[in-house]
Amino acid sequence: QALEDHYSPSRWSPRLDRDTVIDAHLAVTAAGTERARASAQTLLHVPYGTGDGEKLDIYFPTEPSETFPVLVYIHGGYWQCLSKDDSGFAAPPLVSRGVALVAVGYDIAPKGRCCPAEAAAAGAARRPPALPFVPWPGHMDAMVLQVRRSLVFLVERYPGIRGIYLCGHSAGAHLAAMVLSTDWTEFQAVPDIKGAVLVSGLYDLEPILHTYVNDALNMSREVAQRNSPMRHVTPAAPAACEVLVAVAQHDSPEFRRQSQEYSQALRAAGWSVSLLDLAGVDHFDIIERLSEDSYLLTQVGRRAVPRW
């Protein structure tokens, strides 16, 4: 029960009770996205693949330019809720300063999920055992691959992009961190990732294997290890991007521990990394307030991203 509590972000908010804080978060991000769509030039539901969830929402800079930096936002929701459709709330402070925002969609769990044992039994007679494993939509491997592929699509579709900056919240921070460990030789293009802002993320998935979080994800220990950024910190390349790891004062002790340990692991591997411990916010309003010009995380991000 203690582990379940530590991985229940709504349990730690001093503002509202557990159900209310989640409902409020959904309302704030939806309303913010609606305002952003009304005020910005957008291109919505752009497919980067053939899957149902493989779509992007693009918020273009107010002043047209041939080249522009892009902030790629990866939503949270414990890999099983929320979507790109409520992920444009941070666009106004960006597009007004010449930065595009791209909200990435991916197939969340348990979409298309089936029991691995049942799938194996059903397919054993017709599937050669030598074929590589192909993750189904909503599998952790698939979500990580989708986010990586979305970046490849962006740089191929928009050659005018002048640097990609990642921003992920909660589960989205985990996915953004997995992008940092990507071997791009396996892809047809290499995104020019110049920075990453990881907000209230999880970087070691093993602790959640025996919590309610894994009920929909159905991860094995092997899958959790394969998709834990803490286990795949690579030595920093000469041109490695700068990383900002942000955590809320009212995140749970486990979220705070993971943020601290991941930032330390990056630093030990030679990455340029900063840990920002934000006072007075919880797991939800730490990201909601990115729509505010005066918010500290917005200001720090502005120093990291040109023209933000």
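Residues numbered from 1 in each chain as written. Predicted model: local features only at pLDDT ≥ 70, side-chain atom pairs only at ≥ 80, totals over all residues. Heavy atoms only, no water.

Looking at an unreviewed UniProt entry, the protein carries the name KFA formamidase, with the source organism given as Chloropsis cyanopogon.

## Looking at the overall build of the protein
The condition is simple: Labels follow the DSSP assignment, with helices taken as runs of H or I lasting at least four residues and strands as runs of E lasting at least two, numbered in each case from the N terminus. What the globule rule says is 2.2 Å times the number of residues to the power 0.38, and the radius of gyration is computed from C-alpha atoms. Each residue is assigned to one of three classes by its accessible area relative to the maximum for its type, calculated with a 1.4 Å probe on protein chains only: buried under 20%, partly exposed between the two thresholds, exposed over 50%. We call two residues in contact whenever any of their non-hydrogen atoms come within 4.5 Å of each other. Accessible areas in this description were obtained via Shrake-Rupley with a 1.4 Å probe; residue shielding takes into account the shown protein chains only. All tallies of charge rest on Lys and Arg as positive and Asp and Glu as negative; His and the ends of each chain are not included. Charge placement uses NZ in Lys and CZ in Arg. For Asp and Glu, CG and CD serve respectively.
The helix and strand inventory of the protein stands at 11 helices and 8 strands. Expected size for 308 residues packed as a compact globule is a radius of gyration near 19 Å; at 19 Å, the protein falls within 12% of this value. When the backbone C-alpha atoms are referred to their principal axes, the protein occupies close to 60 × 45 × 40 Å. Split into buried and exposed, the 308 residues of the protein put 53% on the buried side. For the protein, long-range pairs separated by at least 24 residues make up 76% of all intrachain contacts whose partners lie at least 6 apart in sequence. As displayed, the protein offers around 13400 Å² of accessible surface, 54% of which is attributable to carbon and sulfur atoms. In the protein, 27 side chains carry a positive charge and 34 a negative one; their mean positions are 3 Å apart.

## Some words on the pattern of salt bridges
For the record, the criterion: Take a side-chain nitrogen of Lys or Arg and a carboxyl oxygen of Asp or Glu: if they are within 4 Å of each other, that pair is a salt bridge.
Under the defined criterion, the tally for this structure stands at 17 salt bridges. Here Arg257 and Glu261 are joined by a salt bridge, their closest N and O atoms 2.9 Å apart. Of this pair, Arg257 and Glu261 both sit in helix 9 (residues 253-268), 4 residues apart, which is roughly one turn of the helix. Judged by relative accessible area, which is 33%, Glu261 ranks as partly exposed. Here Glu292 and Arg289 are joined by a salt bridge, their closest N and O atoms 3.2 Å apart. On the basis of relative accessible area, Glu292 is assigned to the partly exposed category, the value being 29%.

## Here we look at the nonpolar core
Going by this rule: Residues enter a nonpolar core if they are buried and are Ala, Val, Leu, Ile, Met, Phe, Trp, Tyr or Cys, with the set joined through side-chain atoms within 4.5 Å.
Among the nonpolar cores identified, the biggest contains 63 residues, and Val72, Trp79, Leu166 and Leu198 are the most heavily contacted of them. Residues contacting Leu166, with those up to four places away along its chain left out, are Leu71, Val72, Leu151, Ala176, Val179, Leu180, Ile193, Gly195, Ala196 and Val197. Membership of the second largest hydrophobic core comes to 30 residues, among which are Ala36, Leu276, Leu278 and Val281.

## Overview of the environment of Leu16
For Leu16, the position within the fold is in the loop between helix 1 (2-6) and helix 2 (18-39). Residues within four places of Leu16 in sequence aside, it is in contact with Val21 and Ala24.

## Comments concerning the sheet that holds strand 2 (residues 55-60)
Worth spelling out the cut-off: Between any two strands, pairing holds if DSSP finds at least two bridges. The angle between two axes is taken between their N-to-C directions and runs from 0 to 180 degrees, where each axis is a line fitted to C-alpha atoms and a helix contributes only its stretch in contact.
If you trace the 8 strands from one edge of the open sheet to the other, you get 1-2-4-3-5-6-7-8, paired in mixed fashion. Edge positions in the sheet fall to strand 1 (41-47) and strand 8 (272-282), since each of these pairs with one other strand and no more. When the angles between neighbouring strand axes are averaged without regard to direction, this sheet yields 20°. In the sheet, strand 3 (residues 68-74) pairs with strand 4 (residues 100-104) via 5 bridges, with the strands oriented parallel. Looking at the pairing, Ile74 lines up with Val104 of strand 4. Across the face of the sheet, helix 6 (residues 171-180) comes into contact with strand 3, strand 5 (161-169), strand 6 (193-199) and strand 7 (242-250) while running at roughly 135° to strand 5.

## Some details on helix 9
Rule in force here: Expected span of a helix, by definition, is 1.5 Å for each gap between consecutive residues, and there is one gap fewer than residues.
The terminal C-alpha atoms of helix 9 lie 22 Å apart, and with 16 residues this matches the ideal 22 Å at 1.5 Å per residue to within 8%. Looking at helix 9, one finds that the buried residues are Glu254, Phe255, Arg256, Gln258, Ser259, Tyr262, Ser263 and Leu266. Of the surrounding elements, those touching the buried residues of helix 9 are helix 1, helix 6, strand 6, strand 7 and strand 8.

## Remarks on the packing of aromatic side chains
In this description, an aromatic ring pair is defined by two values, namely the gap between the centres and the angle between the planes. Short version of the rule: Aromatic contacts are taken between Phe, Tyr and Trp rings whose centres are within 6.5 Å, Trp giving its six-membered ring; a plane angle under 30 degrees counts as stacked, one over 60 as edge-to-face, and the others as tilted. For a lysine, the NZ atom is tested; for an arginine, the CZ atom; a charge sits over a ring if that atom is within 6 Å of the ring centre and within 35 degrees of the ring normal.
Under the counting rule described, the total for this entry stands at 7 aromatic pairs. Ring pairs connect the aromatic residues Tyr78, Trp79 and Tyr212, which therefore count as one cluster. Just above the ring of Trp12 sits the side chain of Arg11; from NZ or CZ to the centre is 4.7 Å.

## As for the side chain of Arg148
With respect to the helices, strands and loops of the structure, Arg148 is situated in helix 5 (residues 140-157). For the buried Arg148, no salt bridge is present, and the opposite-charge side chain at shortest range is Glu186, 6.2 Å distant. Apart from residues no more than four positions distant in its own chain, Arg148 is found in contact with Met178, Val179, Ser181, Thr182, Trp184 and Phe187.

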